[in-house]
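# Examining the three-dimensional arrangement
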Amino acid sequence: VVAAGWAIIEPARNRELDEMAVADTGIGNVQDKIRKNHRKTFGLLRDLKGAKSVGVIADHPALGLIEIARPVGVVCAITPSTNPAATPANKIINALKGRNAVIVAPSPKGWATCSRLIQFIHEEFSRIGAPHDLVQLLPSPVSKQSTAELMKRCDLIVATGSQANVRAAYASGTPAFGVGAGNVAAIVDASADVELAADRIVRSKTFDNATSCSSENSLVIVDAVRVKLIAALQARGAVLLSSAQKAALQNLMWPQGKLSPAVIGQSATAIAQSAGWSELARQQPCILMVEEDGVGDEHPFSGEKLCPVLTLYRAADFAHAMQIVERIYTFQGAGHSVGLHSTNLEHALQLGLNLPVSRVIVDQAHCIATGGSFDNGLPFSLSMGCGTWGKNNFSENMNYRHYLNITRISRPIAERVPSEAEIFGEYFGKYGRQ
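These figures come from a predicted structure and were not determined experimentally.

Moving on, we come to the sheet that holds strand S6 (residues 156–159). Across the sheet, which stays open at both edges, the five strands sit in the order S5-S4-S3-S6-S7 with parallel pairing between neighbours. The strands lining the two open edges of the sheet, one partner per strand, are strand S5 (135–137) and strand S7 (176–178). Strand-to-strand twist across the sheet, computed as the mean angle between neighbouring axes with direction ignored, equals 20°. In terms of strand pairing, strand S3 (residues 74–79) meets strand S4 (residues 101–106) through six bridges, oriented parallel. Looking across to S4, one finds that Ile 78 is bridged to Ala 105. Its contacts with the sheet place helix H5 (residues 111–128) against S4 and S5, and it is angled at close to 155° to S5.

To continue, consider helix H14 (residues 345–354). Since one α-helical turn is 3.6 residues long, residues separated by three or four positions face the same way. Buried within H14 we find His 347, Ala 348 and Leu 351. Taken around the axis of H14, the buried residues stretch over an arc of 105°, which confines them to a single face. Pointing more than 90 degrees away from the buried face of H14 are the exposed residues Leu 345 and Leu 353. Residues of H14 that are buried in the fold lie against strand S8 (184–188), helix H13 (318–331), strand S13 (338–341) and strand S14 (360–362). The residue sitting at the N-terminus of H14 and contributing the capping side-chain oxygen is Asn 344; that oxygen lies 2.9 Å from the backbone nitrogen of Glu 346.

If you look at the biggest cluster of nonpolar residues, it comprises 41 residues, and the most contacted ones within it are Ile 92, Ile 121, Val 135 and Val 158. Residue assignment for this core shows that the elements contributing at least two residues are helix H1 (2–9), helix H3 (30–48), S3, helix H4 (86–97), S4, H5, S5 and S6. At six residues, the largest contribution of residues to this core is made by H5. Not counting residues up to four positions away in its chain, the partners in contact with Val 158 are Val 75, Cys 76, Ala 77, Ile 78, Lys 91, Phe 177, Met 398 and Tyr 403.

We now examine the sheet that holds strand S15 (residues 404–410). Across the sheet, which stays open at both edges, the three strands sit in the order S1-S2-S15 with antiparallel pairing between neighbours. Every interior strand has two partners, whereas the edge strands, strand S1 (55–60) and S15, have only one. The mean angle between the axes of side-by-side strands here comes to 25°, regardless of whether they run parallel or antiparallel. For strand S2 (residues 65–71) and S15, the ladder comprises seven bridges, and the chain directions are antiparallel. By the bridge assignment, Ile 68 is partnered in S15 with Thr 407.

Before going further, it helps to examine the side chain of Thr 147. Within the fold, Thr 147 resides in helix H6 (residues 144–153). When neighbours within four sequence positions are excluded, Thr 147 is seen to be in contact with Ile 78, Ala 105, Leu 138 and Val 142.

Using the criterion set out here, one finds 20 salt bridges in the structure. Across the pair Arg 411 and Asp 59 runs a salt bridge whose closest N-O atoms are separated by 3.1 Å. In this pair, Arg 411 sits in the loop between S15 and helix H16 (420–431) while Asp 59 sits in strand S1, placing the two residues 352 residues apart along the sequence. Judged by its relative accessible area of 34%, Arg 411 falls in the partly exposed class. Look at Asp 59 and you get partly exposed, because its relative accessible area is 41%. The salt bridge involving Asp 223 is made with Arg 314; its shortest N-O contact spans 2.7 Å.

Rules and cut-offs
- Residues numbered from 1 in each chain as written.
- Predicted model: local features only at pLDDT ≥ 70, side-chain atom pairs only at ≥ 80, totals over all residues.
- Heavy atoms only, no water.
- Pairing = 2+ DSSP bridges.
- Helix = DSSP H or I, 4+ residues; strand = E, 2+ residues; numbered from the N terminus.
- Axes fitted to C-alpha atoms, helices over the stretch in contact; angles between N-to-C directions.
- Contact = heavy atoms within 4.5 Å.
- Buried < 20%, exposed > 50% of the residue type's maximum accessible area, 1.4 Å probe, protein only.
- Arc of directions from axis to C-beta.
- Polar contact = N/O pair within 3.5 Å; in protein donor to acceptor, adjacent residues only side chain to side chain.
- Core = buried A, V, L, I, M, F, W, Y, C linked by side-chain atoms within 4.5 Å.
- Salt bridge = Lys/Arg side-chain N within 4 Å of Asp/Glu carboxyl O.

Have a look at this one:
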């Protein structure tokens, strides 16, 4: 596990992988990918250090249960072009922690980067005498057919990336963990520290050119802080587009009703240049903002954009803001997460109790926090389960335990049979006994 981690964290290798990733995919930027590879892998290694994943991992004498961790076997890891090194590394390390073998099926654009990563892992395996075949790569050219065949033949699929890949994984007949679609919305309520909120939003939305599924796609701003927040965002380099500019940007981003690859993972400055706004591009904006009040196919800015374009919604109060987010997630992004900038914990609880989300991220840079951070308690991961809301079978951050089979030994314990009163007493007391 540590050898595989060092294979991507070692600074020279990390930079080489990220320069390859940006050159091959045209997505994101090198410096942020370097930080991502280091931080996410280092955090994962912290989570795994001392975690029991071999042999007896728990003994519960009062229950008479012993838990034994067993490998699942050969893991098929489906990985996206947005993270052609970080996501494979995360899945490889988690798989190895459970004594599994893993075969990576990367996005075709990310194949060369993934191949180089695995070469580095094999170099580290040679140092410790581990077999190279524990970590393998689907040969190039990767196709839907070869990926489908691998999914059929392996023991477990862990799929991150397009919803088409996730659906194929679930339909393969092999047990699978897949992730839901991202389209994160964040609420800024009346109690928010506007300056801190603006700092966190800009840091999150600009990181790696907003390629993360955890990047904010919409901000729902309560009227009491709307003017101040927009001003704070503008002071940090975000630009609010006019209605005419919004219409032109929509034509550029969705030329045939589908998000154009030409904008995915590009900087706001590059997108402005593509739109023909040379004067705006010279200002080097960090985010392009558009105002919106609709949701759905007729309002594409309400969906996921995978670039530093941020949609602003106006809410009268927190209750209205929550309703807007619910509308957005009915269209896209259900199950993933919601951001909240607020000093009111009750508002966070209301979101957790009522919205179709697996995570409520409070007062943090959302795309950095959602997959685990050193200043929150979520497991480090690049694959976030979205529960049944997102058509997934789990709602946690994917972690090493998802790569384990657990055998339970059950021993007899002293019998304890509850009385009828313990079970039905409160019910009969309230409703009577027929």
